[in-house]
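As a plain string of letters, each chain reads:
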Amino acid sequence: MKLASKIIGGIFAFLFLVLIIICERDRPVDELIPLYANQDSKFMPILGMNVHYRDEGVQTDSVPLILLHGMSSSLNTWDSVAMGLKAERRVISLDLPGFGLTGPSPENAYNFTYYNKFIDSFTTRLKIKRFILAGNSMGGAISWNYALHNPQGLAKMILIDAAGYPKKGESGSLGFKIASTPVINNLLLYATPKFLVRKSLETVYYDPARVTDAQVERFHDIAIREGNREAALQIFKGSFTGSSKRFLDSNVPKIKDIKTPTLILWGDKDNLIGVNNVDNFLHDISGSQAEIYQNVGHVPMEEVPGKVVNSMLKFVR
């Protein structure tokens, strides 16, 4: 018993030492704005947050495109697509509450009801009455839930590798697996090593060689923005996987009630949300259409932005 206690104590001491070595402080947003905001960036005070967004393109467009990123991402995921769209359309990208330069929600809420309220408030402040939502991954789930919440406000909807249906054996990313593991995931509040960020990004892409040092640096810096790690951990622990997973599951049958014209775009090599979900959305959303990109992973808008731009413009014209 004494030997076992010593061994266990040694393991905990080792883990504590490792944690001290690799732990990182949160980075104040004021340090990150000069690095990751650009000349098109704006900040809107809303619901107690200073929301980072970019409003680009044809400002007379009365039905703009609003682009929603996925889990642990930011508006930067849309940079190349926004560049291709803005010659013809008004394009608005934003850092959702809990992510990017926007940071955590003062309400400490990250469920679909809250994001519906956030989108309502955001579009009201911009005096937008009708718009097109495009969402990737978690942003896709937020989009189709919003279509149920405010069908009159949505002219069209674009779902890109969208979350929603129960998973069926997808391998997932290392970072997401750790974040979903009880007890161990608490370490992510203090340590977000760059090697873990890189491995997670490499899983998101079909071709891991596409992951650059600059991307790893940006994702890492944004992840440790003040409050973002707590928000991400709360989402993994509850908002989308715990009590709100029941909320999400209860809403899945309601997808059949969606009447919004919908385009579904997917990478055929998505390891996080399998391409089989395309058939689910096509079956449940009457009149929807789909395109599947070959040899593309979870973020087609980053991997094949030109193809995504063409697909989106063809759909919204």
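Predicted model, so just to flag it, every value in this text is computed and none were measured.

Basis of the calculations
- Residues numbered from 1 in each chain as written.
- Predicted model: local features only at pLDDT ≥ 70, side-chain atom pairs only at ≥ 80, totals over all residues.
- Heavy atoms only, no water.
- Helix = DSSP H or I, 4+ residues; strand = E, 2+ residues; numbered from the N terminus.
- Buried < 20%, exposed > 50% of the residue type's maximum accessible area, 1.4 Å probe, protein only.
- Contact = heavy atoms within 4.5 Å.
- Areas by Shrake-Rupley, 256 points an atom, 1.4 Å probe, with all protein chains shown as cover.
- Salt bridge = Lys/Arg side-chain N within 4 Å of Asp/Glu carboxyl O.
- Core = buried A, V, L, I, M, F, W, Y, C linked by side-chain atoms within 4.5 Å.
- Polar contact = N/O pair within 3.5 Å; in protein donor to acceptor, adjacent residues only side chain to side chain.
- Pairing = 2+ DSSP bridges.
- Axes fitted to C-alpha atoms, helices over the stretch in contact; angles between N-to-C directions.
- Parallel < 35°, antiparallel > 145°, perpendicular 65-115°, else oblique.
- Left-handed = near helix turned anticlockwise from the far one by under 90°.
- Nonpolar A, V, L, I, M, F, W, Y, C, P; charged D, E, K, R; others polar.
- Phe/Tyr/Trp six-rings, centres within 6.5 Å; stacked < 30°, edge-to-face > 60°.

J.: Please give an account of the overall build of the chain that cites residues and values.
T.: Counting secondary structure elements, the chain contains 13 helices and 8 strands. Looking at the chain as a whole, 54% of its 317 residues qualify as buried. Intrachain contacts of the chain at a sequence separation of at least 6 include 74% that bridge at least 24 residues. When the accessible area of the chain is evaluated, it comes to approximately 14400 Å², of which 59% is carbon and sulfur surface.

J.: Help me get a handle on the pattern of salt bridges, residues and values and all.
T.: Taken as a whole and assessed by the stated rule, the structure comprises 14 salt bridges. The closest approach of N and O atoms between Asp-79 and Arg-54, which form a salt bridge, is 3.2 Å. A residue pair is termed long-range when its members are at least 10 positions apart, and Asp-79 in helix H3 (residues 79-85) and Arg-54 in strand S2 (residues 49-57) qualify at 25 residues. Glu-202 is the salt-bridge partner of Lys-199, the closest N and O atoms lying 3.8 Å from each other. Of this pair, Lys-199 and Glu-202 both sit in helix H7 (residues 194-204), separated by 3 residues, roughly a single helical turn. Residue Glu-202 is classed as partly exposed on the basis of its relative accessible area of 22%. Connected through salt bridges with shared partners, the residues Arg-25, Arg-27, Glu-31 and Asp-221 form a single ionic network.

J.: Before we move on, can you summarise the nonpolar core with the specific residues and values?
T.: With 82 residues, the main nonpolar core has Phe-122, Ile-158, Phe-281 and Met-312 as its most contacted residues. Aside from chain neighbours lying at most four places away, what touches Ile-158 is Leu-65, Ile-132, Leu-133, Ala-134, Gly-135, Leu-263, Leu-265, Met-312, Phe-315 and Val-316. Listed in part, the 5 residues of the second largest apolar core include Leu-32, Tyr-36, Leu-101 and Ile-222.

J.: Describe the side chain of Glu-56, and please don't skip the residues or the numbers.
T.: Relative to the assigned elements, Glu-56 resides in strand S2. Within polar-contact distance, the side chain of Glu-56 engages the side chain of Lys-86 at 3.2 Å. Leave out the neighbours within four places in its chain, and Glu-56 touches Asp-40, Ala-82, Lys-86, Arg-89, Arg-90 and Val-91.

J.: I'd like a rundown of the sheet that holds strand S8 (residues 289-293), residues and numbers included.
T.: A sheet is described by the order of its strands in space; here 8 strands give the open sequence S1-S2-S4-S3-S5-S6-S7-S8, paired in mixed fashion. With partners counted over all chains shown, the strands left at the sheet margins are strand S1 (41-46) and S8, one partner each. Averaged over all adjacent pairs, the angle separating strand axes in this sheet is 20 degrees, with direction ignored. Relative to strand S4 (residues 90-94), strand S3 (residues 65-68) is paired through 4 bridges, and the arrangement is parallel. Across the sheet, the residue bridging to Leu-65 is Val-91, located in S4.

J.: Describe in detail the packing of helix H2 (residues 29-36) against helix H8 (residues 213-223), supporting the description with residues and values.
T.: Packing of H2 against H8 leaves a shortest axis separation of 10 Å and a crossing angle of 150 degrees. With respect to H8, the axis of H2 lies roughly antiparallel. In the packing of H2 onto H8, the handedness of the crossing is left-handed. Contact residues: H2 offers Leu-32, Leu-35 and Tyr-36, while H8 offers Glu-217, Arg-218, Asp-221 and Ile-222. Taken together, the residues of the contact of H2 with H8 sort by class into 4 nonpolar, no polar and 3 charged.

J.: Residues and numbers for the side chain of Asn-277, please.
T.: Along the chain, Asn-277 turns up in helix H11 (residues 277-284). Within the local environment of Asn-277, its side chain forms a polar contact with the backbone oxygen of Gly-274, the two atoms lying 2.8 Å apart.

J.: Before we move on, could you go through the pairing of S4 and cite the residues and values that matter?
T.: In terms of burial, S4 is a largely internal element, 5 of the 5 residues being buried. Here S4 shows a buried face lined by Arg-90, Ile-92 and Leu-94 and a second buried face lined by Val-91 and Ser-93. Looking at chain direction, S2 and S4 are connected through 5 bridges and run antiparallel. In the strand pairing of S4, Arg-54 is matched with Ser-93.

J.: Which residues make up the packing of aromatic side chains, and what values do they have?
T.: This structure, assessed with the given rule, holds 6 aromatic pairs. An angle of 70 degrees between the planes, with centres 5.8 Å apart, marks the rings of Tyr-114 and Tyr-115 as edge-to-face. The two residues Tyr-114 and Tyr-115 agree in class, both being buried. A centroid spacing of 6.0 Å and a plane angle of 20 degrees characterise the contact between Phe-118 and Phe-122, whose relative ring orientation is stacked. With Phe-118 and Phe-122 both in helix H4 (residues 112-125) and 4 residues apart, the pair spans about one turn of that helix. Ring pairs connect the aromatic residues Tyr-53, Phe-118 and Phe-122, which therefore count as one cluster.

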